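Chains, contacts and geometry: an overview
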Amino acid sequence: MKRRKFLKNSSLTTAGALSAPLLASCNNTETKKETSSTVSNPVKPIVICTWNFKNATAKAWEVLQTDASALDAVELGVMVEEADPTNETVGKGGRPDRDGNVTLDACIMDKDSNCGAVVYLQNIAHPISVARKVMEETPHIILAGKGAEQFAYEKGFKKEDLLTESTRKQYEEWKKNSKYETIINIENHDTIGMLAIDKKGDIAGACTTSGMAYKVAGRVGDSPIIGAGLFVDNEVGGATATGVGEEVIRTVGSFLIVELMRQGKSPQEACEEGVKRIMAKNKDRKDFQIGFLAINKNGETGGYCVHPGFTYRKYDASGHDNIQVSSFYR
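**Some thoughts on the sheet that holds strand E9 (residues 290–296)**
- If you walk across this open sheet you meet the 4 strands as E7-E8-E9-E10, and the pairing is antiparallel. Across the chains shown, the open sheet's two edge strands, defined by having one partner strand only, are strand E7 (230–233) and strand E10 (301–305). Between one strand axis and the next, the sheet turns through 10° on average, direction left out of account.
- Relative to strand E8 (residues 237–243), E7 is paired through 4 bridges, and the arrangement is antiparallel. Bridging from a neighbouring strand, Asp233 pairs with Gly237 of E8.
- On the sheet, helix H10 (residues 253–262) packs against E7, E8 and E9 and is oriented at approximately 145° with respect to E8.

This is the structure in C-alpha cells:
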C-alpha cells in the first residue's frame, strides 16, 4: 500500500490534535524571516558527497542533466559505491562485524521530508534502494534486520554474498587479535553521504554504509538515522555526516546543522558549529574523526571535521572538484 493512501485511510484525529501546536510553532513567521534559505540567485544543479567518491558524484550529475529529480540522483549516485567491491566501507565488499557478517545501513530523504531507512540489513547489495522502497511503499520509516531483508526479497531484490575474498581474508586476520580501533583518516567506516539540488531547486539526500569494521553484532551508527547521519529541509538545505556515528547521534548532528542554517549561518559556519558541539562533549579527546557536509538552498556548500584529512566531492556547472576542508585540530 502506498504511504499516502495508507495515511489518508488512517485515523489521524488524535495525532493531528497533538501536533497542531507544534505545526503552528514551525510555521512561525518570525522564524521564517530568520532563515538563510531565501533563494537570491537561480539555483543550478549541484551534487556533493562525503570523501573523494568521484564516480558517485559523476553518476549523480549525469542523472541531474536528464531533468530527473534530486532524489533519483542521490540514489543512483551512492549505488555506484554500494556496487563497488573494492570500496570496503559501503555495500558489497564492506567489512563485516565481529561475527563475520556484512551488515548494511542506509537512509534517504526527499524534498517533502519523506524518508526511509534500513538498519542491520544483510545479503542485499543496495540498501539505499531498499530504503527508498520503505519510504515510498510502506507507512513506515525504518525497517531492521531480518524484517528489512524479507521486505527486500518481496520487492525483488536478490540475495548476495557481500563478503569478498579480500574482506574475508582481512576478517580472518583481524580475528587473531580481535581488537577494534579507529585509525584516523584510514577510516574503516567511510560512509558516503550525498546531497543534491536538481533543476527545479529541490533538495534530496542519501546516506549508506557498512558501518564500523568488526563492530559488535547489531551495532547501528548514525548513517541510517534521520536527523543524525542525514537531514534535508527543502526550505533551508541539507546536511550529512561521516565518522564515528555514536558522537553524531549524541548531538543529532545533521539536523543541528540544518537548523543552524535556518537561523542564518552559512553551510560552512553551521558545519563548524556542529563539530564544536561534539568536541565540547569530548574535551581533549583526539582518537576519532567526524566530518560534516552541508548545502543550502542557494547551492552554497561547506564542510568541517575534527582532524585534517576529510574531503568532499562537488560537481556543478563550474566543474568536478575534490575539496579539502578545514578542521578542529590543525
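**A look at unusual backbone geometry**
- In the Ramachandran plot, Asp67 falls in the positive-phi region, its phi being about 70° despite a non-glycine side chain.
- Within the secondary structure, Asp67 sits in the loop between helix H4 (54–64) and helix H5 (70–82).
- Phi at Val252 takes a positive value of approximately 45°, unusual for a residue other than glycine.
- Tracing the sequence through the fold places Val252 in the loop between helix H9 (245–250) and H10.

**Considering the confidence of the model for the chain**
- Counting all residues, the mean pLDDT for the chain is 89, and 85% of those residues have values of 70 or more.
- Under a pLDDT of 50 for its full length, residues 4–8 has, in the predicted model, 5 contacts with residues more than four places off or in other chains.
- Counted against residues more than four places away or in other chains, residues 10–37, with its pLDDT under 50, gives 16 contacts.

**A short note on the pairing of strand E11 (residues 311–316)**
- For E11, the buried fraction is high: 5 of the 6 residues fall into the buried class.
- Where strand E1 (residues 46–50) lies against E11, 4 bridges are found, and the strand directions are antiparallel. Counterpart to Cys49 in the pairing with E11 is Arg313.
- The sheet contact formed by E11 and strand E12 (residues 319–324) spans 6 bridges and is antiparallel. The residue bridging Tyr312 from the neighbouring strand is Ile323, located in E12.
- The antiparallel hairpin formed by E11 and E12 contains 2 residues in its connecting segment.

**Topic: the pattern of salt bridges**
- One pass over the full model with this rule turns up 23 salt bridges.
- Note that Asp316 is salt-bridged to Lys314, the shortest N-O span being 3.8 Å. Taken as a pair, Asp316 and Lys314 share a single burial class, namely buried.
- Salt bridges sharing partners connect three or more residues here, namely Asp72, Glu75, Arg132 and Glu136.

About the cut-offs
The residue count restarts for each chain, going from 1 along the sequence in the order it is written. With pLDDT at 70 or above as the cut-off, local features in this predicted model cover only qualifying residues; side-chain atom pairs require 80 or more to be listed or tallied, and sums for whole chains, interfaces and linings still use all residues. Only hydrogens and water are removed before side-chain values are computed, so all heavy atoms of the structure are retained for them. Strand pairing is assigned whenever DSSP identifies at least 2 bridges connecting the two strands. The secondary structure listing takes helices from DSSP runs of H or I that are at least 4 residues long and strands from runs of E that are at least 2 residues long, numbered from the N terminus. In this analysis, axes come from line fits to C-alpha atoms, helices being fitted only over the stretch in contact, and the angle between any two N-to-C directions falls in the range 0 to 180 degrees. By definition, residues are in contact when any of their heavy atoms lie within 4.5 Å. A residue's pLDDT is the predictor's confidence in that residue, given on a scale from 0 to 100. Summary of the burial criterion: residues with accessible area below 20% of their type's maximum are buried, those above 50% are exposed, and those between are partly exposed, where the area comes from a 1.4 Å probe applied to protein chains only. For this document, the term salt bridge refers to a Lys or Arg side-chain nitrogen within 4 Å of an Asp or Glu carboxyl oxygen.

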